[in-house]
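So the chains spell out like this:
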2 protein chains.
Amino acid sequence: MKKNPTILTKTALAKTKLFQVEGLDILFDNQTQVQFERLVSSQQGAVLIVPIMEDCLVLIREYAAGVERYELGFPKGKIDPGESWREAAIRESQEEVGFLPGLVTLLDSVTLAASYMSHQTHIVLAESLSHSKTQGDEPEPLEVIHWPLADWHKLIQHPEFSEGRAYAALMLTLKQLGLL
Amino acid sequence: MKKNPTILTKTALAKTKLFQVEGLDILFDNQTQVQFERLVSSQQGAVLIVPIMEDCLVLIREYAAGVERYELGFPKGKIDPGESWREAAIRESQEEVGFLPGLVTLLDSVTLAASYMSHQTHIVLAESLSHSKTQGDEPEPLEVIHWPLADWHKLIQHPEFSEGRAYAALMLTLKQLGLL
């Protein structure tokens, strides 16, 4: 196993309300030295919740400003400072789909683009749901869609289902439930 | 179907060599007006290639500065200006794993984080491979790993296999090949 290259310097390059760009000088084992840029996210990361109810996935349809259209996917959100993945999953589940999970299971943690983003998304299966709606910070009410688990083939063909981490969440859920 | 909100203004907020942050003023159908930030990527996007050889996935193991460790995944790279997804996939495949694909198939295009990134990754299945190594721009030679398709369960459990879009590529490939 190769050992990790040495990070010689880290420099703050840009900062906005949401994003923080860092420059790195990196020395590889073969003495090659290169400059990288990366996006630095909060240490806590985000949760993506897969709520399951009566053999359906509970999905949301939400405006996605990055791609300028509505996106079909799983409820998710940043973990607040001091919050655990469990607390964040329970909070976001109530805010975004109006369900309190009785059982939450951490399936795995995934990255977006490991070479240039530190961001981590923790994938949480949420079961034993009961109705409990709390107020989130969305600009408009989210559309909530119950999608039969058995129709997962159709979901990955849906043009509005596009996020890599949503595929990961679906695959890990199907495996966890013995459906793959 | 709800119609898309109106983008009232777009403002450049920050720009580095690799990243470009944009501020948006958005008016929703319910007259709520909000400010968003997003990362703007090149129109062309990137390709992620799934090379298949003798019932194996051809993977690479590469240092990932975003997470400060080696990452196991598929060869990929930006589409150069003027290049098609097909040309980029054929080029990157030779640079990163040393194989010229005789057959390339576009399986789907995925996003990273649709709400705040415009980035698109085109997932390309590469088959009928023959040896052809060309020089890429990597700081050190990439480790190339042949991973049996039948062992995909072990791959998604591997701690170095973490990118959401790699899960998407794996799932779409297994489906395309009739293995899911």
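Structure: above.
The present account deals with the structure reproduced in this document. Because the structure is a prediction, the values reported are computed rather than measured.

Points about the overall build of chain A
- The helix and strand tally for chain A stands at three helices and 10 strands.
- The secondary structure elements of chain A, listed N-terminal to C-terminal, are β-β-β-β-β-β-β-α-β-β-β-α-α.
- Out of the 180 residues in chain A, the part that is buried amounts to 54%.
- A sequence separation of at least 24 residues applies to 58% of the contacts in chain A between residues at least 6 apart.

Overview of the side chain of T16 of chain A
- Relative to the helices and strands, T16 of chain A resides in the loop between β1 (6-15) and β2 (20-27).
- Owing to a relative accessible area of 14%, T16 of chain A belongs among the buried residues under this scheme.

What about the nonpolar core?
- Residues L57, F74 and L170 of chain A together with L57, F74 and L170 of chain B are the most contacted members of the largest nonpolar core, which totals 50 residues.
- F74 of chain B has contacts with L48, I49, V50, L57, L59, I60, F161, A166, A169 and L170 of chain B, leaving out every residue within four places of it along the chain.
- In terms of nonpolar packing, the next biggest core, distinct from the first, is built from 16 residues, A14, F19 and V21 of chain A together with L39 of chain B among them.

Observations regarding the sheet that holds strand β1 (residues 6-15) of chain B
Residue and element names in this part refer to chain B.
- Here three strands make up an open sheet; going across it, the order is β1-β2-β3 and the pairing antiparallel. Whereas interior strands pair on both sides, the edge strands pair on one side only; in this sheet they are β1 and β3 (33-39). In this sheet, adjacent strand axes meet at a mean angle of 20° when their direction is disregarded.

Let's talk about the interface of chain A and chain B
- With 67 residues of chain A at the interface, the matching set in chain B holds 67 residues.
- Summed over both partners, the interface of chain A with chain B comes to about 6,000 Å²; 62% of that surface belongs to carbon and sulfur atoms.
- Three residues, K2, P139 and M171 of chain A, lead the burial of chain A against chain B; their summed loss comes to 12% of the area buried on that side.
- Our enumeration of links across chain A and chain B arrives at six salt bridges.
- K10 of chain A is paired through a salt bridge with E68 of chain B; the nearest N and O atoms lie 3.2 Å apart.

Description of the environment of S109 of chain B
All names here are of chain B.
- Within the secondary structure, S109 is located in strand β8 (residues 99-111).
- Among the residues examined, S109 registers a relative accessible area of 24% and is labelled partly exposed.
- Taking the C-alpha atoms as reference points, S109 and G45, 64 residues apart in sequence, are found 9.6 Å from one another.
- If sequence neighbours within four positions are ignored, S109 has contacts with Q120, T121 and H122.
- In terms of polar contacts, S109 uses its side chain to reach the side chain of H122, at 2.6 Å.

The rules behind each value
- Residues numbered from 1 in each chain as written.
- Chains lettered and ligands numbered in written order.
- Predicted model: local features only at pLDDT ≥ 70, side-chain atom pairs only at ≥ 80, totals over all residues.
- Heavy atoms only, no water.
- Helix = DSSP H or I, 4+ residues; strand = E, 2+ residues; numbered from the N terminus.
- Buried < 20%, exposed > 50% of the residue type's maximum accessible area, 1.4 Å probe, protein only.
- Contact = heavy atoms within 4.5 Å.
- Core = buried A, V, L, I, M, F, W, Y, C linked by side-chain atoms within 4.5 Å.
- Pairing = 2+ DSSP bridges.
- Axes fitted to C-alpha atoms, helices over the stretch in contact; angles between N-to-C directions.
- Buried area = accessible area lost by both parts, 1.4 Å probe.
- Salt bridge = Lys/Arg side-chain N within 4 Å of Asp/Glu carboxyl O.
- Polar contact = N/O pair within 3.5 Å; in protein donor to acceptor, adjacent residues only side chain to side chain.

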